[in-house]
Amino acid sequence: MDLGSFEVLENKVIIRIKDSICENSEDLLTSRLLKEIVKRSVKKLIRKNSLLLKIFGPKEPTESIDLLVRTMQFLVKMPGELVPNVVKGSEIFFKQKDLFNQFIEYLYNYWRSFDRFILCDSTGDTLDKRPYRTFNLTIEHLTHLIRATYRDLEENLTGDHPRVYRQVAAGAEIATISVPKTISYPEKKYFKLNAIPVIRQVLLNPPLILNPPMNKRSGRFEKVTTNPIDHLDINTHDWLGYPAMVGDLIIMVYFHKKFFELGFSLSNLFELASDRDLEKSPDAVYLFGVPDSLMKPYPSPTIFYDDEKNNILLAAVPRDDEFGYFGYLKKMILTLHNIKVMKRGKLPFHGAMAKIILKGDKEATILMIGDTAAGKSETLEALRQLGDAYIQDMIIIADDMGSMEIDKKGNILGYGTEIGAFLRLDDLKPGYAFGQMDRAIIMSPHKVNARIVLPVTTLENILKGYRIDLVLYANNYEEIDEERDLIERFSTYQEALKVFKEGAVMSKGTTSSRGIVHSYFANIFGPPQYKNIHDKLAEKYFKAMFDRNIFVGQMRTRLGIPGFEQSGPRELAEQLLKTLLTL
């Protein structure tokens, strides 16, 4: 039994299977994938002129690949000193046992340096009806098999056992079950997307460390006047579909294999839609990684089209390395969400929202609005850490984006969009991230703007609708003094609108901007493209907040001021806790 069909693409290994995978070490060491990995690992050693090449003796290393693989096939079953008796020519590898052992260690680590995916194709099968069994037969089994094979090779070579066993994820890091799914698209031209398999289950082995091509986003998402679907011609074998629950919307996200590591990371951010959800027509479609040729007629490489006739939005981004950043995936999805909710009369916001339940039956729902790196999530976490003596529970409703609506009683309710968070590692203190680091996907940890994607709440929490008590603009650039407090309440809705509309923030390099920048309502993801709609909604909602005597103001996180990255949110949290106790 082999490892199935496979593809090595840049730093990814993609294995496609129909049923179970290798059963034993013999299957593994005779697989085509193993031989391919050995070839590539040796070529890398040649480029480096590594000392490990001495195990091949005077022969050209590339000419000895088959011999090396046959040697390992027997070494896994018997002591090293016996292998030359059954594999002619293999004695060359055992002349320097220590070096051969280092090569096996190198090969193991070389394999683990790839982002590794298993795609379980459930076409004509019922793998998605028994997902845990499927995953046990694939990703879990492969992990144990590779570790066992590696250890047997080294123990048979050295005649010794390790005294420390490190149970690293040696198999696939991510596995999925994908099935053919007929999505109820509103018009025939969208039907071509139904040839792309749709993800129904995902298995992750966190914490995952990924190194995508880029670590920041630039530019805006532009509205265009022609539909990219009209000229779309893609190889559907290279794509997967992730049906994302974005708030109460269904957005079909299709991502190319070049961006698999980013596409699968969506499972830590947006709930995977159920079969019942998929009976409805989706609200939007996002094609992440389309051919460059499709984008040439457009003025921008990051575009969306409003198909008003069919009441559906469609967005597209090319597959160039410069767009290989999770922010392009997340923020376009949220742009589509914001446009849809504005058309339904809801006001979208770029911010964090949480319900704080204080001891003594006092509670309040806080909405913190502000741009990226303004200190919203950091303030919430500081509040959680400082408030043990006063806070009974904290329910995360929105970490980055959400919407407001006015109910029949005039209450202003807040909703979220994501079950997860996409956070900067740079500003986080040890123990941050809501105690979920063991579930995290970590991106570009060695670069500026390193990020984690991790679950922080539930779909039930983001959809419930919580009455808002405080609305604060996150100001990360102003110091406090006699005239400027940590928390300042606005006296009129016009005064509040002015500050929120200016959207000022000290950029921290998460995009291509630096210094103090301004963006319309700190939210370039939908509102500027539909400014006429948003202006009317903002006026209506801010007036309603003051009519309901909701606390509307600004908070000074000082996160953009050097030296206040930790103390700024902490001191603000202390003041915020005092404010909550006086409401």
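Please refer to the structure placed before this passage.
Residues numbered from 1 in each chain as written. Predicted model: local features only at pLDDT ≥ 70, side-chain atom pairs only at ≥ 80, totals over all residues. Heavy atoms only, no water.

K.L.:
Would you mind showing me how to read the nonpolar core here?
P.N.:
Note that soluble globular proteins tend to have their nonpolar side chains buried in a common cluster. The biggest cluster of nonpolar side chains holds 78 residues, and the ones touching the most others in it are Tyr 286 and Phe 500. In contact with Tyr 286, not counting residues within four places along its chain, are Met 252, Val 253, Tyr 254, Ala 315, Ala 316, Val 317, Tyr 328, Leu 329, Met 332, Ile 333 and Leu 336. One finds Leu 28, Ile 37, Leu 53 and Ala 170 within the second-largest nonpolar core, a separate group that totals 55 residues. (Core = buried A, V, L, I, M, F, W, Y, C linked by side-chain atoms within 4.5 Å. Buried < 20%, exposed > 50% of the residue type's maximum accessible area, 1.4 Å probe, protein only. Contact = heavy atoms within 4.5 Å.)

K.L.:
In this structure, what is going on with the pairing of strand β19 (residues 420–424)? I would like to understand it.
P.N.:
Residues in a regular strand point their side chains to alternate faces of the sheet. Where burial is concerned, most of β19 is hidden: five out of the five residues are buried. The side-chain alternation of β19 yields two buried faces, one formed by Gly 420, Phe 422 and Arg 424 and the other by Ala 421 and Leu 423. Bridging between β19 and strand β21 (residues 451–455) involves five bridges; their strand directions are antiparallel. Bridge pairing in β21 links Leu 423 to Ile 452. (Helix = DSSP H or I, 4+ residues; strand = E, 2+ residues; numbered from the N terminus. Pairing = 2+ DSSP bridges.)

K.L.:
Just checking my understanding: could you explain unusual backbone geometry for this structure?
P.N.:
Most peptide bonds take the trans form, and the phi angle of most residues other than glycine is negative. A cis amide bond links Pro 206 with the next residue in sequence, Pro 207, at an omega value of -5 degrees. Take Pro 207: it is sitting in the loop between β5 (198–204) and β6 (208–210). Residue Asn 449 is not a glycine yet carries a positive backbone phi of 65 degrees. Secondary-structure assignment places Asn 449 in the loop between β20 (441–443) and β21. Using a relative accessible area of 1% as the deciding quantity, one classes Asn 449 as buried. Non-glycine residue Phe 521 carries a positive phi angle of around 55 degrees. Assignment of secondary structure puts Phe 521 in the loop between β26 (514–518) and α13 (531–547).

K.L.:
What am I meant to see in the sheet that holds β6 here?
P.N.:
Strand pairing in a sheet relies on backbone hydrogen bonds. The paired strands run either parallel or antiparallel. The four strands are arranged β6-β20-β21-β19 in an open sheet whose pairing can be described as mixed. Sheet topology places β6 and β19 at the edges, where each strand pairs with a single neighbour. Sheet twist, expressed as the mean angle between neighbouring strand axes with direction ignored, is 20 degrees. For β6 and β20, the ladder comprises three bridges, and the chain directions are parallel. Within β20, the residue paired with Leu 208 across the bridge is Ile 441. (Axes fitted to C-alpha atoms, helices over the stretch in contact; angles between N-to-C directions.)

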